[in-house]
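Take a look at the letters that make up each chain.
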Amino acid sequence: MSVAAIVPAAGSGRRMEQQEKKPYLHLLGKPLLAWVLAVLDKTPEVHCIIIPVCPGDEMRCKQEIVDPLGLRTPVVIVAGGAQRQDSVRNGLAAVPDTCDTVLVHDAARPLVTCALIQTAIAATRTHRATTLAVPVKDTIATVDPAWTVLDEIPDRSRLVSIQTPQTFAKDLLREAHRAAVVDGVTATDDTSLVSRLGIPVAVVPGAYSNIKITTQEDLAIAAALLEQGLL
Ligand code: C5P
């Protein structure tokens with residue numbers, strides 16, 4: 001098995017309410033994207049890293065983040081797209097023929113560990129598609145546009161919060177992205193695209209510490225988790 005890691009990093013980070021784009025925001029003195037790349041680089045199973053970035057930011061990403069890290073793993077920086085799905089699709093086009101497995105991990109989850117990545121990769125030996133996830137802690141409801149609770153509240157014991165990394169047989173993920181384009185479907189992650197084909201996606205236990213940096217307070221939470229050694 002040969003794994004290519006795609007790290008979508010082409011988001012605008014609008015919900016951070018910062019001038020700076022999210023992958024370049026600092027967490028304890030290091031850009032978010034650099035945290036992710038350093039962990040992937042320490043994972044021997046990962047043979048190459050592909051980073052979709054905002055179109056026009058390719059050189060900035062290379063000079064400010066990739067080059068200073070001096071990684072052992074070959075890195076390819078590609079232009080991302082308007083939606084995360086477009087960015088991953090562009091990344092998929094750059095996966096070398098020698099790789100048969102693709103791991104997708106968001107640049108916005110800097111607290112991922114080698115152990116979590118290895119757990120995800122190990123699961124691909126028995127499953128063609130996997131995602132990390134954790135049981136939800138809150139009760140989850142669907143609301144209407146006026147924020148009134150709709151329908152029955154789902155049974156919490158059957159709900160999980162989906163994380164990355166997610167891993168896929170390369171051909172399966174390519175097929176899922178092709179089908180999404182043909183069907184005009186947009187989804188927030190790759191598990192959604194594979195699952196809608198009727199292919200089972202195995203859920204692998206993730207970690208509550210593997211948070212996604214979305215709003216300002218997430219950066220403070222991530223810093224506290226790191227400082228307290230809670231990964
Ligand atoms: O928007 P969301 O929080 O779901 O983004 C998850 C990840 O996808 C982030 O790492 C972000 O940089 C990336 N992304 C992307 N291209 C986009 C939008 C988001 O690579 N057009």
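Here the structure is shown first, and the text comes after it.
Let us look at the structure shown here.

Rules behind the numbers
Going along each chain's sequence as written, the residues are numbered from 1 onward. Since the coordinates come from a predicted model, pLDDT governs what is reported: local features require at least 70, and pairs of side-chain atoms require 80 or more to be given and counted, while whole-chain, interface and lining totals use all residues. As a rule here, side-chain values come from all non-hydrogen atoms in the structure, and water together with hydrogens is ignored. Each residue is tested against the molecule or strand, and it is near if at least one of its non-hydrogen atoms lies within 4 Å. Any pair of nitrogen or oxygen atoms within 3.5 Å is treated as a polar contact; in protein, a donor-acceptor pairing is required on top of that, and neighbouring residues in sequence qualify only through side-chain atoms on both sides. The Shrake-Rupley method, run with a 1.4 Å probe sphere, supplies the accessible areas, and residue values consider only the shown protein chains as cover. In this analysis the probe radius is 1.4 Å and the grid spacing 1 Å, with only protein atoms considered; a cavity is a set of points the probe fits into but cannot get out of, a pocket is an open set with protein on both sides within 12 Å along at least five of seven lines, and lining residues have an atom within 4 Å of a point. For a cavity or pocket, the test is whether more than half of a molecule's atoms lie within 2 Å of its grid points; if they do, the molecule sits there. Asp, Glu, Lys and Arg are counted as charged, while Ala, Val, Leu, Ile, Met, Phe, Trp, Tyr, Cys and Pro are counted as nonpolar; the rest, among them Gly, fall into the polar class. Stacked, edge-to-face and tilted are the three classes for Phe, Tyr and Trp ring pairs, Trp counted by its six-membered ring, which pair at centre distances within 6.5 Å; planes under 30 degrees apart are stacked, over 60 edge-to-face, the rest tilted. Put simply, a charge is over a ring when the Lys NZ or the Arg CZ is close to the ring centre, within 6 Å, and near the line of the ring normal, within 35 degrees. Grid points are joined across faces, edges and corners, and a volume is the space filled by probe spheres set on the points. Put simply, DSSP marks the helices as runs of H or I at least four residues long and the strands as runs of E at least two long, and each gets a number from the N terminus on. Any two strands with at least two DSSP bridges between them are considered paired. Note on definitions: angles span 0 to 180 degrees between N-to-C directions of axes, and those axes are lines fitted to C-alpha atoms, for helices only across the stretch in contact. Contact criterion: two residues are considered in contact whenever any of their non-hydrogen atoms come within 4.5 Å of each other. Definition of nonpolar core: a set of buried residues of the types Ala, Val, Leu, Ile, Met, Phe, Trp, Tyr and Cys, connected through side-chain atoms within 4.5 Å. When accessible area is computed with a 1.4 Å probe and restricted to protein chains, residues below 20% of their type maximum are described as buried, those above 50% as exposed, and intermediate ones as partly exposed.

What follows is about the site of the ligand. If you check the shell around the ligand, you find 14 residues, and the closest are P8, A10, G81, S87 and K212. Here an oxygen atom of the ligand sits 2.8 Å away from a polar atom, N or O, in the main chain of A10. For the ligand, an oxygen atom lies 3.0 Å from a polar atom in the side chain of K212. Across the complex, the protein chains shield 86% of the 460 Å² of accessible surface that the ligand would expose by itself. Placement of the ligand is best described as lying within the largest pocket. Of the residues in the shell around the ligand, the class split is 6 nonpolar, 4 polar and 4 charged.

Summed over the entire model, instances satisfying the criterion amount to 0 aromatic pairs. The aromatic ring of W35 is capped on one face by K30, whose charged end is 4.1 Å from the ring centroid.

What follows concerns the layout of surface pockets. Considered as a void within the structure, the largest pocket measures approximately 930 Å³ in volume. R15, R84, D106, T188 and K212 are, among the 35 residues lining the largest pocket, the residues nearest its centre. Ranked by residues supplied to the lining of the largest pocket, first place goes to strand β10 (residues 160–169) with 4 residues. Split by residue class, the lining of the largest pocket holds 11 nonpolar, 16 polar and 8 charged. As a volume, the second largest pocket reaches approximately 320 Å³.

Here we take up the sheet that holds β10. Reading across the sheet, the 7 strands line up as β5-β4-β1-β6-β10-β7-β11 and stay open at both edges, with mixed pairing between neighbours. In the strand order of this sheet, the two ends are held by β5 (75–79) and β11 (202–205), each with one partner. Across the sheet, the axes of successive neighbouring strands diverge by a mean angle of 30°, strand direction being ignored. Each of β4 (46–53) and β5 touches helix α2 (residues 58–69); the most contacted strand, β5, lies at about 145° to it. Running over the sheet, helix α5 (residues 170–183) touches β6 (101–104), β7 (129–135) and β10 and is turned about 115° from β10.

This part is about the nonpolar core. Counting 30 residues, the largest nonpolar core has V7, L33, L37, L40, I51 and I117 as its most contacted members. When contributions to this core are tallied by element, the ones reaching two or more residues are β1 (3–6), α1 (32–41), β4, α2 and α4 (114–123). Here the element with the most residues in this core is α1; it accounts for 6 residues. If we ignore the near neighbours within four places in the chain, the residues touching L37 are V7, I49, I51, I65, V66, L69 and L71.

The quantities given are spatial measurements derived from coordinates; they are silent on function.
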